[in-house]
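# Remarks on the overall topology
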Protein chains: 2
Amino acid sequence: MSTSRMAQTPQPPYYAVIFTSIRTAGDHGYAETADRMVELASRQPGFLGIESVRDPEGVGITVSYWESTAALEAWKAQTEHLVAQRRGQRDWYQRYEVRVARVERAYGSSEPSR
Amino acid sequence: MSTSRMAQTPQPPYYAVIFTSIRTAGDHGYAETADRMVELASRQPGFLGIESVRDPEGVGITVSYWESTAALEAWKAQTEHLVAQRRGQRDWYQRYEVRVARVERAYGSSEPSR
């Protein structure tokens, strides 16, 4: 399987926005907007990568990685993203939680501890 | 749907361990061990919660939340967990990445920004 679904992030420190959610039933335009948001986010200054998984029960975790808090705040305030956030609150998510975190250490299967 | 799959975490700051992975094909004892690890982690001192999602393609994100870096380091070094980590590297994961992050801010659908 392609490993393109895992983000290629630089050495810490950098920032992570952990978005956990439970979807409502039905699509209601969700899939199209979700794809569009990934496309837009990846064009934002300071964007480092994104990892996103949703299971068949509708539980999802998306983690986006950013160079700085300024970069992630600018994405949060991006106009088209603001519209999507409102639709998310109203139509797409039964429940969600956003956590902003500073990544201090990272290691994995393909690199030594860093 | 039950919202029990979302962690009930306290006000920040606290720590998150973001574990992203791509599974190999076949179970090889994975499911049983994964359940056992959640059970063991939740008994560790300083454990705050866990959220875990894997999609049908085998891509997974698990985020566990901890009171302190000491708490998450103690879990990393827990004996049965060490055995599971070695099996994971050998048998269960095609690729994985671990990121340790300090949660600085959190907000969601059910609470005001905090």
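Residues numbered from 1 in each chain as written. Chains lettered and ligands numbered in written order. Predicted model: local features only at pLDDT ≥ 70, side-chain atom pairs only at ≥ 80, totals over all residues. Heavy atoms only, no water.

This part is about the interface of chain B and chain A. With 49 residues of chain B at the contact, the number on the chain A side is 49 residues. For the pairing of chain B and chain A, the buried interface totals around 4,600 Å² over both sides, and the portion due to carbon and sulfur atoms is 54%. Counting across the chain B and chain A interface gives eight salt bridges. As a salt-bridge pair, Glu-73 of chain A and Arg-105 of chain B come within 2.4 Å of each other at their nearest N and O atoms. Taken together, the connections running from chain B to chain A amount to 29 residue pairs in polar contact (both at pLDDT 80 or more). In terms of residue count, the dominant contributor to the side of chain B that touches chain A is strand E4 (residues 93–108) of chain B (15 residues). Counted by class, the side of chain B that touches chain A contains 22 nonpolar, 12 polar and 15 charged residues. (Contact = heavy atoms within 4.5 Å. Buried area = accessible area lost by both parts, 1.4 Å probe. Salt bridge = Lys/Arg side-chain N within 4 Å of Asp/Glu carboxyl O. Polar contact = N/O pair within 3.5 Å; in protein donor to acceptor, adjacent residues only side chain to side chain. Helix = DSSP H or I, 4+ residues; strand = E, 2+ residues; numbered from the N terminus. Nonpolar A, V, L, I, M, F, W, Y, C, P; charged D, E, K, R; others polar.)

Tallied over the full model, the rule gives 16 aromatic pairs over all chains. Centre to centre, the rings of Tyr-30 of chain A and Trp-92 of chain A are 5.8 Å apart; their planes meet at 70°, and the pair counts as edge-to-face. With Tyr-30 of chain A in helix H1 (residues 30–41) and Trp-92 of chain A in helix H3 (residues 79–92), this residue pair connects regions lying 62 residues apart in the sequence. Taking the centre distance of 6.4 Å and the plane angle of 20° together, the rings of Trp-66 of chain B and Trp-75 of chain B count as stacked. Of the two residues, Trp-66 of chain B and Trp-75 of chain B, both sit in the buried class. Ring pairs connect the aromatic residues Phe-19, Tyr-30, Trp-92, Tyr-93 and Tyr-96 of chain A, which therefore count as one cluster. A cation over an aromatic ring shows up here: Arg-99 of chain A above the ring of Tyr-65 of chain B, its NZ or CZ 4.2 Å from the ring centre. (Phe/Tyr/Trp six-rings, centres within 6.5 Å; stacked < 30°, edge-to-face > 60°. Buried < 20%, exposed > 50% of the residue type's maximum accessible area, 1.4 Å probe, protein only. Lys NZ or Arg CZ within 6 Å of the ring centre and 35° of its normal.)

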